[in-house]
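# Fold and contact review
Below are the chains, spelled out letter by letter.
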Amino acid sequence: MPIDFRSRDGILRFFRVLTGFVLTIALTFLGLLAITFFIGRVVPIDPVLAVVGDRATQEQYDAMKIAMGLDRPLILQFVSYVGDVVQGDLGRSVSTNRLVAEDLARVFPATLEMATIGIIIGVGLGVPMGVTAAAHQGSWLDQGIRVLALLGYSVPAFWLGLVGLALFYASLGWVSGPGRVDIFYDGVVDPVTGLLLVDSILAGDWEVFRNALSHLVLPAAILGFFSLAYIARMTRSFMLDQLGQEYITTARVKGVSEWRVIWVHAFAPIRVPLITVIGLSYAGLLEGSVMIETVFSWPGIGNYLTVALLNADMNAVLGATLIIGAVFIGINKTSDVLYRVLDPRST
Amino acid sequence: MSARDWLLDESPNSRMQANAGRFYRMGLALLRNPLAVLGALIILLLIATAVFAPWIAPESPVGQMLDRRLLPPSSANWMGTDELGRDIFSRVVYGARITLMIVALVAIIAAPLGLIIGAVAGYFGGWVDKLLMGFTDIFLSMPKLILALAFVAALGPGIENAIIAIAITAWPAYARIARAETITFRSSEFISAVKLVGASDARIIGLHVVPLCMSSMIVRVTLDMAGIILTAAGLGFLGLGAQPPLPEWGAMISRGRVFILDQWWVATMPGFAIILVSLGFCFLGDGLRDVLDPKQAGKS
């Protein structure tokens, strides 16, 4: 039933839905915090020992344990952990010796830039491919798209990245290699948004823009391929649902052109569920970028996470996990809400 | 009466005949799907390779021969040799054992866990359902790979911890499916009948609810296998999964990364093995879904 804002009941209902939604998100975030807190606790490295060193006496050890608040009950420790995180305090990274929150703010735009270009590629190719496959169900075209999409579920991202580098960078020389920009251009434009493409346009420096683009295109295309696989499969499935309906037959009987039947009549109702799918795969790309960034030495959050993992830098690991998790949950829930708002049947 | 007639009998005389007939029909339906057959063949190949690895592999997977480092593929070393002079083909063959072990263990840990949680939530409903599913949903909305990474970071690198970490992130999807299935027949007459006879809740869930969830679970587990293989290989690639000298495919790619520009075969060959096996599970899963879950048939 659609929400009717003209009546008092309608407005009340809207607020009830809204409170329910806010509550779910809050609970999910709390769950995420509980998981990172738990992971931080089960680490075999003793956090007190890490600070005082193994030559400390028992008194020094106990004093530091109290100073760090680790003698308190778990639940109180969790409450203060949540308090710290809410205030943006994620601790200090052992390997970079900076605040984890500052590090994350610095590396996040690089990931965002790559994932955004990736999702644009994924949607731009995946949706038309899914629609085409559905329109020619059972044909060789459909089978080809199906195998291509299944490859997206079967090829390791890091392997595709390596092969892509060997082929398009080393052999063919079509794109630039690892990294975000050539060292020569590093730091030429002032970071305004942190998105290098946007910053170089703002600075009017087309040389940097071209260089950054030639670095970005390969990792973004590989990332986009994985979202393409999912988007094409889901689009095909949604389209098949619609094309089997009677209103499509009616439209055809009336003599509407096939192109119009597919792209106007059948495509219109699947736009709403597609938004959810695109939201989900965008969130998935932020996660998938971990492997790609490692292969391409892309200075984003995924690379930051893996470097921290190898250095057993737990503050950085948990901080990055928390941020990726929060963005992931945020996008997930937002697309969920968008779906409900746009599809009146679902509320 | 031929065996085929007995299997296809419309009015079976025993439970065994009914079950045998059902499996026979499913097998026939699966055989009509060429991609599913291909998938099943690939999985059989994986299992056979894992079982007969010592007979298939021409050399030991860990035997180093430093005088023949980084040789390109040839008739003697089909996939070339790596930086320690080990035969890559032999390592890929032995790697099948590790991959099979990982997917089997993750499935054995995660699927029953999700199945029980989902069946209990769906069967009891009310606050039990709300509590369990709330918990499941929280886990479900986390990024799986990142969570697995963080868990391995905490538990320490190694193949056992990688398996545990993947299983921890895999169960919520199964709980959701089991609950959805359970709810559809929770209030049906045969459940009420068993209840009336005096069966305990545990007995009803174990003997009557869980078996009915099995088919959709099998489909989902098969479809998830590709993702599990990729995650395990990814952990291996990052150095958090199987440790050297274990011939795990992801770890092998990671070792070959340094040589990718000149000795491409070191990193590429294990990748083909991962793709082949993952595709096999995808094909088989798609086919199984068409057979076991006709509602979804023909879609995606």
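Residues numbered from 1 in each chain as written. Chains lettered and ligands numbered in written order. Predicted model: local features only at pLDDT ≥ 70, side-chain atom pairs only at ≥ 80, totals over all residues.

### Quick notes on helix α8 (residues 159-185) of chain B
Residue and element names in this part refer to chain B. Its 27 residues place the ends of α8 40 Å apart at the C-alpha level, agreeing with the 39 Å of an ideal helix rising 1.5 Å per residue. At Ala170, α8 shows its largest bend, some 30°, and a proline, Pro172, comes one to four positions later. The buried count for α8 comes to 20 of 27 residues, which makes it a mostly enclosed element. (Helix = DSSP H or I, 4+ residues; strand = E, 2+ residues; numbered from the N terminus. Expected span 1.5 Å × (residues − 1). Bend = angle between axes of the 7 residues up to and from the residue. Buried ≥ 20, exposed ≤ 12 C-beta atoms within 10 Å, placed from the backbone.)

### A word on the interface of chain A and chain B
Interface size is commonly expressed as the accessible surface area that is lost when the partners come together. Facing 42 residues of chain A, the contacting portion of chain B comprises 37 residues. Secondary-structure elements contributing two or more residues to the side of chain A that touches chain B are α1 (8-42), α6 (140-154), α7 (157-171), α9 (206-243), α11 (258-296), α12 (301-310) and α13 (314-342) of chain A. Residue contributions to the side of chain A that touches chain B peak at eight residues, all from α13(A). A per-class count over the side of chain A that touches chain B returns 30 nonpolar, nine polar and three charged. (Contact = placed C-beta atoms within 7 Å. Nonpolar A, V, L, I, M, F, W, Y, C, P; charged D, E, K, R; others polar.)

### Topic: the UniProt feature "domain: ABC transmembrane type-1" (unreviewed entry) in chain B
If you check UniProt for "domain: ABC transmembrane type-1" (unreviewed entry), the listed places come out as residues 96-285 of chain B in our numbering. From the first C-alpha to the last, residues 96-285 of chain B spans 19 Å; its make-up is 83% helix and 0% strand. (UniProt positions renumbered as here; feature names shortened; annotations may be inferred.)

### Some points on the confidence of the model for chain B
For chain B, mean pLDDT is 87; residues scoring 70 or higher make up 97% of the total. Under the prediction, the complex receives an ipTM of 0.86, its pTM being 0.87. (pLDDT = per-residue confidence, 0-100.)

### Examining the domain arrangement of chain A
Residues and elements named next belong to chain A. Domain annotation for chain A reports domain 1 (8-70) and domain 2 (107-342). Between the C-alpha centres of domain 1 and domain 2 there is a distance of 32 Å. Listed per partner, the contact involves 10 residues of domain 1 and 10 residues of domain 2. Grouping the constituent residues of the side of domain 1 that touches domain 2 by class yields seven nonpolar, three polar and no charged. (Domains from an automatic or database assignment.)

### Remarks on the UniProt feature "transmembrane region" (unreviewed entry) in chain B
When the UniProt feature table is mapped onto this chain, "transmembrane region" (unreviewed entry) is found at residues 35-57, 98-125, 145-171, 221-243 and 263-285 of chain B. Within the segment residues 35-57 of chain B, helix and strand shares are 91% and 0% respectively, and the terminal C-alpha atoms sit 28 Å apart.

### Some details on the confidence of the model for chain A
For chain A, per-residue confidence averages 84 on the pLDDT scale, and residues scoring 70 or more make up 94% of the total. By mean pLDDT, helix α2 (residues 47-52) of chain A is the weakest element of chain A at 67, and helix α5 (residues 100-135) of chain A is the strongest at 92.

### Describing the nonpolar core
In this structure, Val317(A), Ala320(A), Val106(B), Ala150(B), Ile166(B), Tyr174(B) and Ile229(B) are the most contacted members of the largest nonpolar core, which totals 171 residues. Broken down by element, the residue count for this core peaks at 19 residues, all from helix α5 (residues 88-124) of chain B. When residues of this core are assigned to domains, at least three map to each of domain 1 (8-70) and domain 2 (107-342) of chain A. Setting aside chain neighbours within four positions, we find Ala150(B) in contact with Ile39(A), Val317(A), Leu318(A) and Thr321(A). (Core = buried A, V, L, I, M, F, W, Y, C linked by C-beta atoms within 7 Å.)

### Observations regarding unusual backbone geometry
Residue Pro245(B) is bonded to the preceding Pro244(B) through a cis peptide linkage, with omega at 5°. Residues other than glycine seldom take positive phi values, yet Asn97(A) does so here, at roughly 60°. Mapped onto the secondary structure, Asn97(A) falls in the loop between α4 (74-86) and α5. The phi dihedral of Ser297(A) is positive, around 45°, even though this residue is not glycine. Examined against the element boundaries, Ser297(A) turns out to sit in the loop between α11 and α12. On the basis of neighbour counts, which here come to 12 C-beta atoms within 10 Å, the residue Ser297(A) falls in the exposed class.

### Quick notes on the environment of Phe37(A)
Secondary-structure assignment places Phe37(A) in helix α1. With residues up to four places along the chain from it excluded, the contact list for Phe37(A) reads Phe78(A) and Tyr81(A).

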